[in-house]
Amino acid sequence: MFSCKTSPEVGGMGHSVKRKEDARFLHGKGNYTDDVKLPGMLHMVMVRSPYAYAKILSIDKEKALAIDGVLAVITGEDLAQYNLHWMPTLLSDSQMVLPTDTVMHQSQEVCAVIATDRYVAVDGAEAVDVQYEPMQAIVNPFKALDENAPLLRPDKEGQKDNHIYHWERGDKAKTDAAIAAADVVVKERIHLPRIHVASIETCGVVASYDKDTEKMLIYLTSQAPHAIRTILALVAGHVGLSEEKIRIIAPDIGGGFGGKVPVYPGYVVAIAASFLIGKPVKWIEDRSENLVNGFARDYHMDCELAATKDGKIQAFKVSTLADHGYTDSSANPSKYPTGMFSICTGSYDYEHAFAELDAVYTNKAPGGVAYRCSFRVTEAVHAIERMVDKLAAEIKMDPAEIRFKNFIKKEQFPYASPLGWSYDSGDYKATLEKAMEMVGYDDYKKEQAEKRAQGKLMGIGICTFTEVVGAGPSKDFDILGIAMFDSAEIRVHPTGKALARFGTKSQGQGHETTYAQILAEELGIPYTDIEIDEGDTDTAPYGLGTYASRSTPTAGAAAAIAARKLRDKGKKIAAHLLEVSEDDIEWEVGKYFVKGAPEKSKTIQDVAFAAYTNFPQGMEPGFEATHYYDPPNLTFPNGAYICVVEVDEETGAIDVKRFVAIDDCGNIINPMIVEGQVHGGLTQGIAPAMYEGIVYDDEGNVLNGTLMDYLVPTAVESPHWETGHTITPSPHHPLGAKGVAESPTVGAPPAIANAIIDALYPLGIKHLDIPITPDKVWDAIRKAKAEA
Amino acid sequence: MAKHKVTMTINGASVSAEVDSRLLLVHFIRENLDMTGTHIGCDTSSCGACTILIDGKSVKSCTYLAVRADGANITTIEGIAADGTNHPLQKAFHDQHGLHCGFCTPGMIMRSIELLETNPNPTEEEIRWGISGNLCRCTGYNNIVKSVQQAAQEMSKEKEATV
Amino acid sequence: MIPANFNYHKATSIQEAIALSQELGEEAKYMSGGHSLLPMMKLRFATPEHIIDISKIEGLSYIKEDGDILKIGALTTQSEMEHNSLIKENYPIMGDAIWLTADPSVRNCGTIGGNIAHGDAANDQPALMLAMRATIIAEGADGKKTIPIDEFFHGFYMTALEPGDILTEIQIPKAKKGNGGAYHKVERKVGDYATAGVAVHVEIDDDGVCQEIGIGLTNVSAVPMRLERGEEVLRGKKITEDLIEQVGQIASEDCEPESDLRGSEAYKRSIVNTITKRMLNKALERAKQ
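Just so we're clear, the structure is a prediction, and the values are computed from it rather than from any experiment.

We now examine unusual backbone geometry. For the bond running from Phe413 of chain A to Pro414 of chain A, omega is -5°, close enough to zero to count as cis. With respect to the helices and strands, Pro414 of chain A occurs in the loop between α10 (399–406) and β18 (415–416). Geometrically, the link from Ala471 of chain A to Gly472 of chain A is a cis peptide bond, its omega value of -25° lying close to zero. With respect to the helices and strands, Gly472 of chain A occurs in the loop between β20 (457–466) and β21 (478–479). Positive phi values are uncommon outside glycine, yet Asp43 of chain B reaches one of about 70°. Tracing the backbone through its elements, the reader meets Asp43 of chain B in the loop between α1 (25–32) and β3 (51–54). On the neighbour-count criterion, Asp43 of chain B (25 C-beta atoms within 10 Å) is buried.

Moving on to the interface of chain A and chain B. When the parts of a complex come together, some accessible area is lost, and that lost area is often taken as the interface size. Counting residues at the interface gives 41 residues for chain A and 40 residues for chain B. Elements that contribute at least two residues to the side of chain A that touches chain B include exactly α1 (22–26) and α16 (671–691) of chain A. A total of 7 residues in the side of chain A that touches chain B trace back to one element, the largest contributor, which is α16 of chain A.

Residue and element names in this part refer to chain A. Read from one edge to the other, the open sheet built from 3 strands follows the order β26-β27-β28, with strand pairing classed as antiparallel. Of all strands in the sheet, those bounded by a partner on one side alone are β26 (585–588) and β28 (597–603). Each adjacent strand pair in this sheet contributes to an overall mean axis angle of 35°, direction not counted. Note that β26 and strand β27 (residues 591–594) share 4 bridges and pair antiparallel. By the bridge assignment for β27, Ile585 is matched with Val594. Against the sheet, helix α14 (residues 551–578) engages β26, β27 and β28, with an angle of about 125° to β26.

Attention now moves to the interface of chain B and chain C. Contact residues are listed per partner, giving 24 residues for chain B and 24 residues for chain C. A total of 4 residues in the side of chain B that touches chain C trace back to one element, the largest contributor, which is strand β4 (residues 57–60) of chain B. Considering only residue class, the side of chain B that touches chain C consists of 6 nonpolar, 12 polar and 6 charged.

Here we come to the domain arrangement of chain C. Residues and elements named next belong to chain C. Under the domain assignment used here, chain C contains domain 1 (7–53), domain 2 (63–173) and domain 3 (179–288). Averaged C-alpha coordinates put domain 2 and domain 3 at centres separated by 19 Å. The partner domain 3 presents 25 residues to the 22 residues of domain 2 that form the contact. At the level of elements, α5 (92–99), α8 (125–131) and β8 (153–155) are the ones that each hand at least two residues to the side of domain 2 that touches domain 3. Per-element tally for the side of domain 2 that touches domain 3: the top contributor is α8, with 6 residues. Looking at side-chain class alone, the side of domain 2 that touches domain 3 contains 16 nonpolar, 1 polar and 5 charged residues.

What counts as what
Residues numbered from 1 in each chain as written. Chains lettered and ligands numbered in written order. Predicted model: local features only at pLDDT ≥ 70, side-chain atom pairs only at ≥ 80, totals over all residues. Helix = DSSP H or I, 4+ residues; strand = E, 2+ residues; numbered from the N terminus. Buried ≥ 20, exposed ≤ 12 C-beta atoms within 10 Å, placed from the backbone. Contact = placed C-beta atoms within 7 Å. Pairing = 2+ DSSP bridges. Axes fitted to C-alpha atoms, helices over the stretch in contact; angles between N-to-C directions. Nonpolar A, V, L, I, M, F, W, Y, C, P; charged D, E, K, R; others polar. Domains from an automatic or database assignment.

Okay, structure coming up:
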């Protein structure tokens, strides 16, 4: 276990110190994008398409412009004059800012109304008269490649059909051969449907262009302000918005979860409008706009898992069809079109694996936006964890036993996975054992046997996942060419207090506290004496932002190394002050002392003061350090989750009785915050497992575009989570930390699905796709009984 | 469209204004009064980020016309504790890590105030049902429940002390 | 989401409200709690030119027993009902329903009168009213009206209320020994409209013979629905498990649900069957207490 090196007052790693950022939120003084109010600010509202696929015949602005207070209606034609009507996605596909002739999904932005008041802008949007010629939309991705399917993206040069890309990894021939030769092969088509992060704050922007200074100030709900600034400069440099003139401030963010990584068309239109009009323009999505404009998941995965008859896994193969909507807006590293999907071999040791994926266009909103998950890890983990359970059931082996039998062993790390990853560390056996002990696994097994004898449906589900986070090493990981490092800049003031700035951006993760704790650990300056600043591209060092659980693995590491640079400099100053050689100086948290004479010491605060007042001749004054951290590898957090459910056979209702989550995220900076992140991630895990999923009709209309029908769990649906930890430090991270906030979102859905299927297994039900809703359970039971 | 003169008490101060019929109370508070602690999350009275107290009762201010609040006594997150002090719920949310991004927090606290008013010693289940009109996407609710429990204890101690 | 422009009018008495309604004509709508109408206006599904606010009318918020009748003023909020000791003690069916209706903040605004007058089969109170044989009291330009609940719900969002009529009071036979009621709905998550809901109100004599029975169904038909054929099976008989089984079957046959996001028609029929049986048992249990 981890033992704290610092006192609670200093508050270094391992202390559950209370959060420094809380006060403003508790008093209603947070500053979110919609709270920003600038003099003369105008409001923008989007007109959106009622059709999934249609030609735009005409856009009549007249009635809208006649409304008092409506100043402009901006169309794709208007933007086309400046060549701003299209923009690149992060994966080098292209997305319309506003259409000039065709709309590609229901609710796509058609034009924008600018008015003096939010209410008037809504009236203006109602008054714009758009004439459409609807066309037959492609909604089913399996039909996108039909010969007679319309070509959805004729705008793309060389695009002959609706296929976007093929990707594969692993040895197909050997995997096929292993599967052909295996005693047991289980197969399943698994679909993870479209879901939306639905952060309680929607997305929005306030853009303010000053024609005199030519500066564009942008308040933006962005998890990655620096990268977005660069993208804007690339997109709009030709009209004069060059990077040094763009200042993006990501103020307080009301939840991100990946939904605030992309550049949405509304941002660009608001920025363009401010640029053209010369006044601040605010655009805030309403909830329906938020819910229907960009999605996570939507992978259809054909899985095959092969094993010996006594349950030793030999090979895994998965062929996936990915529905990307009308453009590939995946927020993935550019060399990883499928993100980290190749983590799909899981926590198990076997030789052969092959994964392939074909991505297609359909008439849906852009897909590939994250949902609290590191680039497709959720899809990968769901596939392997469902299949391992299916295999266990097939050979009548306990799902815990089959996992123990196949786990990568502690001593095998670093472990080279069959699809090319180098897992850094883990003790999977210990993690699962702890979960089983905490839940009382054996007792539940007995109870289940008794309940089954009475005809009752009770299930126990396990998931033992391995995540891959912290992108990433520059040799492999970049977004639009920008390497995925992250940064920290520390300034220790003469009085020994500090300001530290980062290239990341918290959306609730508590960076103002945890980064201060890392610096407290490394420097011994109390965390309360350290201010943390992020999100302003004019002041913060460049970084790729906060998503994919990368803040601690990258910026957290940068903080530690920058602090160590300071410590090295401090050592020279301490030697100077104590009048000994640098070699005679030793460090313990917060102070330098003379070897063998600990009474002769200087605190870090003394040294900081001296750095400005009494530094050695020839030394550069000041006490500041910056580090850009390029990680040598990714980190691989893991966990063992166990879920116990009961199912009401008559109504299909599912009661989650227990849920135990044991996470191993390496060394822990703040246990309170880590536990809080796990709780939150678990609720965002039960959400897609049992409640959430965007539903389309055959015409491509979203049927559940409000929070009345898109079922975000309340405190009642959310179980009382039980959590715990094992700690296996990352060997390559300076703090031994790994990142945690997405693990529960990745691990919970298969644990829940496995529990429900386990409950239903006696009836002959072997798989259900998530979300597993009562009506789906009821239907499956009815069908199973009819077949029996 | 005719304007309507309204007068109401907000956080102890009397406020008068001319408002349009359709002005939503949440916008009146945020835009006209510049108190931005009350948030908008869903527009359909599903999420509770806009929860305030009207005459002591929790109300979703996105689904309430400003003009109907004429004569009402309104409390928002900005008005539950004097500057520099904390309401027991504010303290408890801090102590128990009952907030992450903070966006749902004001509404969650305003709802919890009435919950503890009507039920000073709620069970975990009663708390969960009691805040079921307030969505949180970050915390998984465990620590919100603990926050409300802590505040309940502290408030009943305070009450005992004053009796 | 912003409503279209309209003119707001506040009525301080029933007479003033009716007069305003007459003056403003069909484009005027009454608003009490506003939690059904205002969301529709924000989505611009409803664009009334005039809103007549009746929530400030004095004297329409009460819960009292008067002789053999429980009288509830139309402006009584769901919260007031939830916390009312008379209702808690003697009318647990109402507690069942209110606990499952929306959430506490919405219940602070939503009124019993509005819930019924909206004429929405997805609302919970109509099924209760049907089961409990309520009488609706309304006032209009032509005076006071007494409308038996069976004549109240006319069609999709349509009721016996004429333009300008205000629902003022709900009357329910007073609870007495041998009475029992229960309500449950299956919902996708707490606060949701019902996937299907069933209200049962039963009166049994000392020998366990069913003297009166009312069964109302939520959100499985365009119009709030009373399960008359099921009631017939039980009325005058000693209620047995077999009969309950029969009534469940009848409920699943007679309801008229449609497939939608909440589930298929078959699923809804099945859960109507299940909940009907469960609520019959629960109501009987309560009747025996």
